Number of protein chains: 2
Amino acid sequence: MSKEIISINGTISKPGEALISVMDRGFLYGDSVYEVTLTYNKIPFLLDEHLDRLYRSAKSIHMKFSFSREDLVNEIFKIVEKLTGDRLYIRIIVTRGIGEINLDPAASKTNNLVIIGRQLPVYPKSWYTEGVSLIVSDVLRNSKRSIDPNVKSGNYLNNVLAMAEAKEKGAFDAMMLNHKGNITEGTTSNIWIVEGSKFITPPLEAGLLGGITRKSLLILASKNGLEVSEENITPERLKKADECFLTSSTKEIVPIIKVDETLIGTGKPGAKTQNLHQIYKKFVMEYIS
Amino acid sequence: MSKEIISINGTISKPGEALISVMDRGFLYGDSVYEVTLTYNKIPFLLDEHLDRLYRSAKSIHMKFSFSREDLVNEIFKIVEKLTGDRLYIRIIVTRGIGEINLDPAASKTNNLVIIGRQLPVYPKSWYTEGVSLIVSDVLRNSKRSIDPNVKSGNYLNNVLAMAEAKEKGAFDAMMLNHKGNITEGTTSNIWIVEGSKFITPPLEAGLLGGITRKSLLILASKNGLEVSEENITPERLKKADECFLTSSTKEIVPIIKVDETLIGTGKPGAKTQNLHQIYKKFVMEYIS
């Protein structure tokens with residue numbers, strides 16, 4: 001049993017020796033797609049949804065996989081079994097592989113598949129009990145017409161720049177706007193607001209990654225009689241919201257209490273946010289049992 | 001003497017063993033900057049200009065180098081000396097280094113420096129004597145407000161997608177438009193047109209990489225009494241041009257004879273294009289002597 005396992009094309013690397021060719025297009029151009037999934041009680045959570053998205057990301061950039069989905073699933077389970085702990089972080093990276101230095105994707109024929117498995121970090125309780133703060137970044141989210149943010153790829157410099165701005169200003173994360181001035185998403189999360197009794201998140205058309213947790217919540221909220229809606233959200237609307245939170249597979253639901261210099265609602269995690277998190281936790285428990 | 005040398009942080013790799021950690025941010029996020037320079041008679045051409053641009057790219061993404069410029073130059077010359085041939089291709093890649101999986105650039109402290117040196121491919125003569133064709137891509141160039149195209153970074157998927165479209169349509173390269181519908185650049189080249197006696201290339205404000213050859217030509221053309229101008233170029237204007245060509249450090253000046261289905265000028269390489277190429281070649285000869 002290990003605390004960390006990295007496998008490259010099915011071969012588990014020795015610690016500190018998980019290496020890839022510098023001629024890999026993932027390294028040269030960020031020409032790769034990836035997913036992050038996690039386990040509860042050692043069960044990969046919504047793995048099918050994550051793999052569906054991985055395949056969709058690949059299709060969007062005309063990338064074909066030189067391995068089967070079955071082999072990929074087996075490889076993931078093999079790594080999960082060998083890892084210590086119930087809460088695991090699994091990052092699946094598929095690059096277009098090694099090829100001559102040439103932007104043409106046809107320069108490469110065989111993918112490289114890298115899986116990084118390790119214990120999921122334990123996040124500070126205060127994130128959930130006290131909430132966190134955001135900034136609205138000066139860095140616009142990539143346009144759908146340039147690189148669709150709905151492709152989870154190895155081109156993450158856009159988000160790195162926004163995150164650098166957030167950290168510089170002491171914030172937890174940065175919200176990125178699209179060219180129309182509407183909020184898209186955080187650097188690795190989706191955003192939600194609560195207005196009255198309504199839960200609102202930006203529509204996919206705003207240019208964002210369709211989060212798995214986001215999708216689950218849209219369905220779960222409806223099922224639990226809560227009003228949900230996908231609507232454009234400007235920074236002004238965000239700051240006037242009664243409650244605000246972000247969602248991600250690994251972090252679940254994190255309350256937002258401040259955006260730039262503006263307190264959200266009472267400046268404390270909202271009751272409706274916390275109620276939704278309980279609904280989500282129940283859904284997770286049902287899934288894994 | 002070798003045909004190819006790859007050095008990582010000053011250590012020359014054995015053939016086929018130039019490897020980097022999968023935890024390198026260059027691999028995970030494309031969080032790297034790079035330059036391609038070349039040699040004539042084994043002399044690195046305009047190396048200072050390329051290194052200035054490398055440092056400017058790094059600054060734009062808040063990346064600091066954990067090595068000195070002097071060390072970098074020495075390393076480049078060390079590799080050039082060991083390579084066979086006079087015409088060499090030198091790719092210098094600097095990543096933000098290895099760090100915890102976290103978009104925050106502060107997660108990494110020490111860069112990885114990769115230098116790939118090899119013989120410059122001999123380009124087909126027909127490119128220069130018969131010209132090549134372009135398409136205007138459906139993929140828009142990244143917006144300056146998202147990831148500035150004037151940063152030569154490891155995020156090249158935008159260009160990979162445009163190049164894939166070009167190859168699918170049997171073209172040499174793809175021209176990418178900005179959000180205003182003006183031409184920015186090719187996937188690894190700058191674009192120029194000739195109208196009457198005037199040489200025109202899009203301004204940096206259009207959102208493009210300030211090419212070293214582009215800059216040299218702006219100066220050289222003026223010095224040689226040619227009229228040059230930086231102006232926005234729409235696809236319609238491009239297609240009505242008398243002549244058209246693209247420029248890059250490695251390819252120098254390549255005549256364009258067709259854009260989408262439209263022949264440019266006479267459908268043959270233009271005389272003014274070829275004259276400018278002679279001026280450029282003379283400039284190169286003077287530089288290296």
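Draft legend 1. Summary view of the sheet that holds strand β5 (residues 43–44) of chain A. All names here are of chain A. Read from one edge of the open sheet, 6 strands run β2-β1-β7-β6-β4-β5, paired in antiparallel fashion. Each having just a single partner strand, β2 (11–12) and β5 make up the two edges of the open sheet. As paired strands, strand β6 (residues 88–95) and strand β7 (residues 112–119) are joined by 8 bridges and run antiparallel to one another. The residue bridging Y89 from the neighbouring strand is R118, located in β7. Packed on one face of the sheet, helix α2 (residues 47–60) meets β4 (32–40), β5 and β6 and runs near 175 degrees to β4.

Draft legend 2. Main features of the relation of the copies chain A and chain B. In the superposition of chain A on chain B (RMSD 0.0 Å, axial shift 0.0 Å), the rotation amounts to 180 degrees. On this basis, the relationship between the two copies can be described by a two-fold rotation axis. A shared binding surface is used by both copies, with 100% of the interface residues of chain A retained as interface residues in chain B.

Draft legend 3. Structural view of the interface of chain A and chain B. Chain A puts 44 residues into the contact, and the matching count from chain B is 44 residues. For the side of chain A that touches chain B, the secondary structure elements donating two or more residues are β3 (19–21), α1 (25–29), β7 and α5 (157–168) of chain A. For the side of chain A that touches chain B, the element with the most residues is α5 of chain A, which contributes 8 residues. Classifying every residue of the side of chain A that touches chain B by side-chain character gives 23 nonpolar, 15 polar and 6 charged. As paired elements, β3 of chain A and strand β3 (residues 19–21) of chain B share 3 bridges and run antiparallel to each other. Note that in β3 of chain B the partner of I20 of chain A across the bridge is I20 of chain B.

Draft legend 4. Spatial organisation of the packing of helix α6 (residues 212–223) of chain A against helix α8 (residues 271–288) of chain A. All names here are of chain A. Close contact between α6 and α8 brings their axes to 10 Å; oriented N to C, the two are set at 105 degrees. Looking at the two axes, α6 sits roughly perpendicular to α8. In this structure, α6 uses S216, L217, L220 and A221 to contact α8, whose residues at the interface are L276, I279, Y280 and F283.

Draft legend 5. Local environment of the pairing of β4 of chain A. By the criterion of burial, β4 of chain A is predominantly enclosed, with 7 of the 9 residues buried. In this antiparallel pair of consecutive strands, β4 of chain A and β5 of chain A, the connection spans 2 residues, and N41 of chain A shows a positive phi of 50 degrees.

Draft legend 6. Spotlight on unusual backbone geometry. Residues and elements named next belong to chain B. Unlike most non-glycine residues, N9 shows phi in positive territory, near 50 degrees. Relative to the helices and strands, N9 resides in the loop between β1 (4–8) and β2 (11–12). Residue N9 is classed as partly exposed on the basis of its C-beta count, with 15 C-beta atoms lying within 10 Å.

Draft legend 7. How the structure looks around α2 of chain A. Residue and element names in this part refer to chain A. A rise of 1.5 Å per residue sets the reference length of α2, with its 14 residues, at 20 Å; its end C-alpha atoms lie 20 Å apart and thus fit the reference within 8%. Every buried residue of α2 is accounted for by L47, H50, R53, L54, S57 and A58. Along α2, the residues classed as buried sweep out an arc of 140 degrees about the axis, all on the same side. For α2, the exposed residues set more than 90 degrees away from the buried face come down to D48 and K59. Contacts made by the buried residues of α2 are with β4, β5, β6 and α6. Looking one or two residues beyond α2, the residue adopting positive phi is H62, at roughly 60 degrees.

Draft legend 8. Focus on the nonpolar core. If you look at the biggest cluster of nonpolar residues, it comprises 150 residues, and the most contacted ones within it are A174, C244 and I256 of chain A together with A174, C244 and I256 of chain B. Non-local contacts of C244 of chain B, meaning those with residues more than four positions away in its chain, are made with W192, I193, L238, I256, V259 and I264 of chain B.

Draft legend 9. Just the domain arrangement of chain A, in detail. Residue and element names in this part refer to chain A. Here chain A is partitioned into domain 1 (4–119) and domain 2 (125–288). Each of domain 1 and domain 2 has a C-alpha centre, and these two points are 26 Å apart. Taken together, the contact pairs 22 residues of domain 1 with 12 residues of domain 2. Elements with a minimum of two residues in the side of domain 1 that touches domain 2: β4 and α2. In terms of residue class, the side of domain 1 that touches domain 2 is made up of 10 nonpolar, 8 polar and 4 charged.

What counts and what doesn't
Residues numbered from 1 in each chain as written. Chains lettered and ligands numbered in written order. Predicted model: local features only at pLDDT ≥ 70, side-chain atom pairs only at ≥ 80, totals over all residues. Pairing = 2+ DSSP bridges. Helix = DSSP H or I, 4+ residues; strand = E, 2+ residues; numbered from the N terminus. Contact = placed C-beta atoms within 7 Å. Axes fitted to C-alpha atoms, helices over the stretch in contact; angles between N-to-C directions. Least-squares fit on C-alpha atoms with pLDDT ≥ 70 in both. Nonpolar A, V, L, I, M, F, W, Y, C, P; charged D, E, K, R; others polar. Parallel < 35°, antiparallel > 145°, perpendicular 65-115°, else oblique. Buried ≥ 20, exposed ≤ 12 C-beta atoms within 10 Å, placed from the backbone. Expected span 1.5 Å × (residues − 1). Arc of directions from axis to C-beta. Core = buried A, V, L, I, M, F, W, Y, C linked by C-beta atoms within 7 Å. Domains from an automatic or database assignment.

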